[in-house]
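# Summary of structural features
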Amino acid sequence: MRNQIRKLILEAIGDSRGEKQFFGEDFIKKLNDNVFLEPLPVVSNLSEYYTRLNYILNDLNLNLIAQGHFRHVFETGNPDILLKVATDQMAGSLTAVDANLQEVNRFNRYPRFFPKSYAYDEDGVWILVEKAKTVIKNDDDFKSAIESSFECFRNLDAIVKMMIEYYANYALGILANDPNIQNFDKFDHKKFLQEIKSAFDGTHPRFSRPTIDKSVIVWIFKGVLSENAIDKRSVKHSIEYKLRIVVGNVISELRRFAFDPDEGNLSYAEEAHKRISRAAVDSRMINPIVEWLVLHFLRDRVFISFVNMIKDENITPWDIRTTNVGTNSNGELIVIDASTF
Ligand SMILES: Nc1ncnc2c1ncn2[C@@H]1O[C@H](COP(=O)(O)OP(=O)(O)OP(=O)(O)O)[C@@H](O)[C@H]1O
Ligand SMILES: [Mg+2]
């Protein structure tokens, strides 16, 4: 064991003086103990677990910075490198050792999407990995990382809004000349655009949140992964399926909240304005908007290769979630916990 970890670390960094600087003096000095030979026995032998944990904390002098369901994560003497140690906890039939070995096998093959793995135990008990710049803990940060990594998600709200306006203006041109449409003169175009704008930015009094907010972005992102990997839809079909639901919802929300002519106490003119607005924004615009958006998403090679990678590696898509994702030094999304359950 000792020779193995020393050898692997040496392979990763070169010489033994550098090694100490790289991983911390105590860690390197005390590798002759066999603390890592077995996973930490958190389930099977709690007192032995505390003994070993103490050893890692006090003798190897590493800080425990996080605990997942079945791995403990320690800082090493090097601020950029973490040590992930398996416990004897399982998740279904998956052991922590299996999870470590899956990461060993995956991380360095997709440097864009995972932290780097520096050295590891061939039995999967521990793995030395690059520390993510940030660990994503909420949907705000998840959304920002998705947008900075994948162009197709950027300004999605503005794009959808613009397309709705485009098709609505087209429809209004037709409605203006339709003899069956009464009181077209009561339609207020400026007000109409303002109502759409406020629905999108969440300032409309009848909308509790922006129509395409952070949770929608994260929902599309995760949903495309699941449709593709679990339901075995093609990438194109997975994207189309999720976007159709989002665009359909936005349009029905606009009709229901912003342009509802039955809303109480409307003046005659207001009622006519809402009725015509509603005629201009209808479900017929869903298809052309979704078709355009699907092409826009398919053009984003980074996103498409991420989706394909999740499927090819058989990574469980629902595990791609807050606390299992982070950002690298470029602010791009990386997966720090990539398991197949
Ligand atoms: N490369 C990394 N960079 C920064 N922090 C990390 C890294 N890997 C793990 N962590 C931290 O350690 C925590 C646990 O790690 P990880 O999710 O890999 O363990 P796990 O036991 O598989 O967790 P779970 O199954 O509960 O999601 C993470 O939520 C994160 O806070
Ligand atoms: Mg995790």
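Everything below is about the structure printed above this text.
Description of the structure in this document. (Residues numbered from 1 in each chain as written. Chains lettered and ligands numbered in written order. Predicted model: local features only at pLDDT ≥ 70, side-chain atom pairs only at ≥ 80, totals over all residues.)

### Some remarks on the sheet that holds strand 8 (residues 134-135)
Where we set the bar: Pairing between strands requires that DSSP locate at least two bridges from one strand to the other. Where helices and strands are cited, they refer to DSSP runs of H or I of at least four residues and of E of at least two residues respectively, numbered from the N terminus.
Pairing in this open sheet of 3 strands is antiparallel, and the strands run 8-9-10 from one edge to the other. Looking at which strands have only one partner, the edges of the open sheet turn out to be strand 8 and strand 10 (333-335). Two elements, strand 9 (residues 325-327) and strand 10, share 3 bridges in a ladder whose sense is antiparallel. Residue valine 325 lies in a different strand from strand 10, and its bridge partner there is valine 335.

### Side note on the nonpolar core
Filter applied, for reference: Under the definition applied here, buried Ala, Val, Leu, Ile, Met, Phe, Trp, Tyr and Cys residues are grouped into a nonpolar core through C-beta atoms within 7 Å. Exposure in this text rests on C-beta crowding, where 20 or more other C-beta atoms within 10 Å of a residue's own make it buried, 12 or fewer make it exposed, and counts in between make it partly exposed. The C-beta atoms are placed from the backbone. What counts as a domain boundary in this text is fixed by an automatic or database domain assignment.
With 81 residues, the main nonpolar core has Leu128, Leu243, Val247, Leu254, Val325, Ile334 and Val335 as its most contacted residues. Residue assignment places this core across two domains, with domain 1 (2-131) and domain 2 (139-335) each supplying three or more.

### Some remarks on the pairing of strand 6 (residues 117-120)
Sheet analysis places strand 6 next to strand 7 (residues 126-130), joined by 3 bridges and oriented antiparallel. Paired with alanine 119 across the two strands is leucine 128, which belongs to strand 7. Two successive antiparallel strands, strand 6 and strand 7, enclose a turn made up of 5 residues, where glycine 124 displays a positive phi of approximately 85 degrees.

### A short note on the site of ligand 1
Definition in use: By convention here, the C-beta atom is placed from the backbone, and a residue is near a molecule or strand when that atom is within 6 Å of it. Side-chain classes follow a simple rule in which Ala, Val, Leu, Ile, Met, Phe, Trp, Tyr, Cys and Pro form the nonpolar group, Asp, Glu, Lys and Arg form the charged group, and the remainder, Gly included, forms the polar group.
The full set close to ligand 1 counts 18 residues, and Ala66, Gly68, His69, Ala132 and Asp337 are the nearest of them. Of the residues assigned to the shell around ligand 1, the class counts are 10 nonpolar, 5 polar and 3 charged. In terms of domain composition, the shell around ligand 1 takes at least three residues from each of domain 1 (2-131) and domain 2 (139-335).

### Some thoughts on the packing of helix 6 (residues 139-149) against helix 9 (residues 214-229)
Worth spelling out the cut-off: Orientation is described by lines fitted to C-alpha atoms, with helices fitted over the stretch in contact, and by angles between N-to-C directions that extend from 0 to 180 degrees. Our angle categories are set so that under 35 degrees counts as roughly parallel, over 145 as roughly antiparallel, 65 to 115 as roughly perpendicular, and the remainder as oblique. Each crossing is labelled by how the near helix is turned from the far one, with a counterclockwise turn of less than a right angle marking it left-handed and a clockwise turn marking it right-handed. Contacts here follow a simple rule: the backbone-placed C-beta atoms of the two residues must lie within 7 Å.
Running from N to C, helix 6 and helix 9 point in directions that differ by 60 degrees, and their axes come no closer than 9 Å. With respect to each other, helix 6 and helix 9 are oriented oblique. You can see that helix 6 and helix 9 cross each other, and the crossing is left-handed. Facing helix 6, whose interface residues are Asp139, Asp140, Phe142, Lys143 and Ile146, helix 9 presents Lys214, Ser215, Ile217, Val218 and Phe221.

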